[in-house]
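# Notes for the structure review
Here is what each chain is made of, one letter per residue.
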Amino acid sequence: MSGEEKGRGGANGKGKKRKYLPHGKPVRKGLYPVRPGVQGFFLTCDGGREKQATNEALNLLDRFYEELLYKKNPEAASGMNHSKPLNKKITFDDSDSESDSGSSGDEDEKEEQTDIQNSEEKSETVASTEQEKELVTPKNEEKDGEQIREENEESQPKKARVEIEKPIDELIAEELREMGDRKKRKFVALDSGCNGVIFIQMQKSEEDPSPVEIVQHMMNWAYTTKKHMSRFILRVLPVEIVCYASEEEIEKAIKPLFEKYFPEESSSPKKFAVLYDARANTGIDRMKIINAVAKSVPKPHKVDLSNPDKSIIVQIAKTNCMVGVVEKYKELSKFNLRQLTSQQ
């Protein structure tokens, strides 16, 4: 065997040990992809800064979500600190509050003095009995000692007693439940499949504010304060529907959404505009999607591209179509945080 063969295969001619994955265990690489049926937020960021922008987006969404939640339910904010039950109950034997009258305070002092005198007399009798050990049994000694301890504890003012209400096992179980709830986040990052694009899924319940409300609150706050909130996030758009990017699927998915924002029987018809953008998908005709979305809106409402009341945002990323309806889209710099905070 030559020197090169020994270097490759070792002394025995065997190569390096190959590491195989365990059988039957799936390997997950990266984030889960965006799928139809979810809702959340569509964000754009600087290319190559997706991880940093994701962390910023999660922090911002948590912040504005909590603000809106407390505005809707102020009782929840006030009861947050008192939700955890107390484990200890403290009771005071002697009531020496300042609100009591002077006569009651004098009576308490007299009772304390009489208790101290009685305890001193009993201590003297016990000392005398200790000298006469032959007449006293060990049982009586133990009883007298216990009585003296109890009376001394009762005679001491401001003595607090602690009573445990719940066992330790239940308290540990409650702590573990709280730790588990903290790990269940309201917002989860998903893989959009495109560079410079982030998708944050919102696990929404009935009482939670919608993604549209969160984004509108965020943009209004940025417009009024002009304070920078992020370094890498550019645009934040709400997503209320995610479906497969085809004309038929889009028309089916947007019907319940348009019934909410554009009712057929409305005294005040609204003006709307359809804004379309596609990434990593060249097989879909732009005008066909725009016309399909515009025709799904009932007739009392009209198209107005210059000054719309509602803007229907359609974003396509690979094979997914994301739709959201917002207000003041152009006035708020097309929901671009960088432009909103840089304006003066």
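Owing to the predicted nature of the structure, the values given are computational and were not obtained by experimental measurement. (Residues numbered from 1 in each chain as written. Predicted model: local features only at pLDDT ≥ 70, side-chain atom pairs only at ≥ 80, totals over all residues. Heavy atoms only, no water.)

This next bit is on the pairing of strand E5 (residues 197–202). Taking burial as the measure, the 6 residues of E5 include 6 buried ones, the bulk of the element. Here E5 shows a buried face lined by Val197, Phe199 and Gln201 and a second buried face lined by Ile198, Ile200 and Met202. Alignment of strand E1 (residues 40–45) against E5, held across 5 bridges, turns out to be antiparallel. Residue pairing across strands places Thr44 opposite Val197, the latter belonging to E5. As judged from the 4 bridges shared by strand E4 (residues 187–190) and E5, these two strands associate in the antiparallel manner. Paired with Val188 across the two strands is Gln201, which belongs to E5. Counted between consecutive antiparallel strands, the loop separating E4 from E5 contains 6 residues, among which Gly193 sits at a positive phi close to 85 degrees. (Buried < 20%, exposed > 50% of the residue type's maximum accessible area, 1.4 Å probe, protein only. Helix = DSSP H or I, 4+ residues; strand = E, 2+ residues; numbered from the N terminus. Pairing = 2+ DSSP bridges.)

What follows is about a negative patch on the surface. Together, Glu247, Glu248, Glu249, Glu251 and Asp285 make up a negatively charged patch on the protein surface. Relative to the assigned elements, Glu247 resides in helix H8 (residues 247–261). (Patch = residues over 30% accessible without salt bridge, like charges linked within 9 Å, V, L, I, M, F, W, Y side chains within 5 Å. Areas by Shrake-Rupley, 256 points an atom, 1.4 Å probe, with all protein chains shown as cover. Salt bridge = Lys/Arg side-chain N within 4 Å of Asp/Glu carboxyl O. Lys, Arg positive; Asp, Glu negative; His and termini not counted. Charge placed at Lys NZ, Arg CZ, Asp CG, Glu CD.)

Let us now look at the packing of aromatic side chains. Within the structure shown, the criterion is met by 6 aromatic pairs. Ring geometry for Phe64 against Trp221: centres 5.9 Å apart, planes inclined by 70 degrees, an arrangement best described as edge-to-face. Residue Phe64 is located in helix H2 (residues 50–72), and its partner Trp221 is located in helix H7 (residues 211–225); the two are separated by 157 residues in the primary sequence. Both residues of the pair, Phe64 and Trp221, count as buried. Each member of the aromatic cluster is reached from another via a ring pair, and the members are Phe41, Tyr65 and Phe187. Taking the ring centre of Trp221 as reference, the NZ or CZ of Arg63 above it sits at 4.4 Å. (Phe/Tyr/Trp six-rings, centres within 6.5 Å; stacked < 30°, edge-to-face > 60°. Lys NZ or Arg CZ within 6 Å of the ring centre and 35° of its normal.)

Time to look at the confidence of the model for the protein chain. Of the residues in the protein chain, 60% have a pLDDT of 70 or more, and the chain-wide mean is 76. Of all secondary-structure elements in the protein chain, the lowest mean pLDDT belongs to strand E3 (residues 160–164), at 45, while strand E11 (residues 320–326) reaches the highest, 97. Across residues 76–90, where pLDDT falls below 50, the model places 20 contacts with residues more than four positions away in sequence or in other chains. Here residues 133–143 scores under 50 on pLDDT; set against residues more than four positions off or in separate chains, the count is 2 contacts. (pLDDT = per-residue confidence, 0-100. Contact = heavy atoms within 4.5 Å.)

Where side chains of opposite charge bring their charged atoms close, a pairing between them can arise. Overall, the coordinates contain 7 salt bridges when judged by the stated rule. A salt bridge links Glu240 to Lys260; the nearest nitrogen and oxygen atoms lie 4.0 Å apart. Here the residue Glu240 occupies a position in the loop between strand E6 (233–239) and strand E7 (241–244), and Lys260 occupies one in helix H8, the gap between them amounting to 20 residues. Overall, the relative accessible area of 54% leaves Lys260 in the exposed class.

To continue, consider the side chain of Thr341. Mapped onto the secondary structure, Thr341 falls in helix H10 (residues 337–342). Judged by its relative accessible area of 7%, Thr341 falls in the buried class. Among the polar contacts listed, one links the side chain of Thr341 to the side chain of His228, at a separation of 3.3 Å. Separated by 2.8 Å, the side chain of Thr341 and the backbone oxygen of Leu337 make a polar contact. (Polar contact = N/O pair within 3.5 Å; in protein donor to acceptor, adjacent residues only side chain to side chain.)

Time to look at H8. Here H8 contains 15 residues, and its C-alpha end-to-end distance of 20 Å stays within 8% of the 21 Å for a straight helix at 1.5 Å per residue. Its maximal kink placed at Lys255, H8 deviates by approximately 40 degrees, while the proline Pro256 follows within four residues. Taken residue by residue, H8 has Ile250, Ala253, Ile254, Leu257, Phe258 and Tyr261 as its buried positions. (Expected span 1.5 Å × (residues − 1). Bend = angle between axes of the 7 residues up to and from the residue.)

This paragraph deals with the sheet that holds E4. What the 4 strands build is an open sheet, ordered E4-E5-E1-E6; its pairing is antiparallel. Across the chains shown, the open sheet's two edge strands, defined by having one partner strand only, are E4 and E6. The average undirected angle you get between the axes of adjacent strands in this sheet is 25 degrees. The pairing of E1 with E6 spans 6 bridges and is classified as antiparallel. Bridge assignment links Thr44 to a residue of E6, and that residue is Arg235. Those strands touched by H7 are E1, E4, E5 and E6, and its axis lies near 145 degrees from that of E6. (Axes fitted to C-alpha atoms, helices over the stretch in contact; angles between N-to-C directions.)

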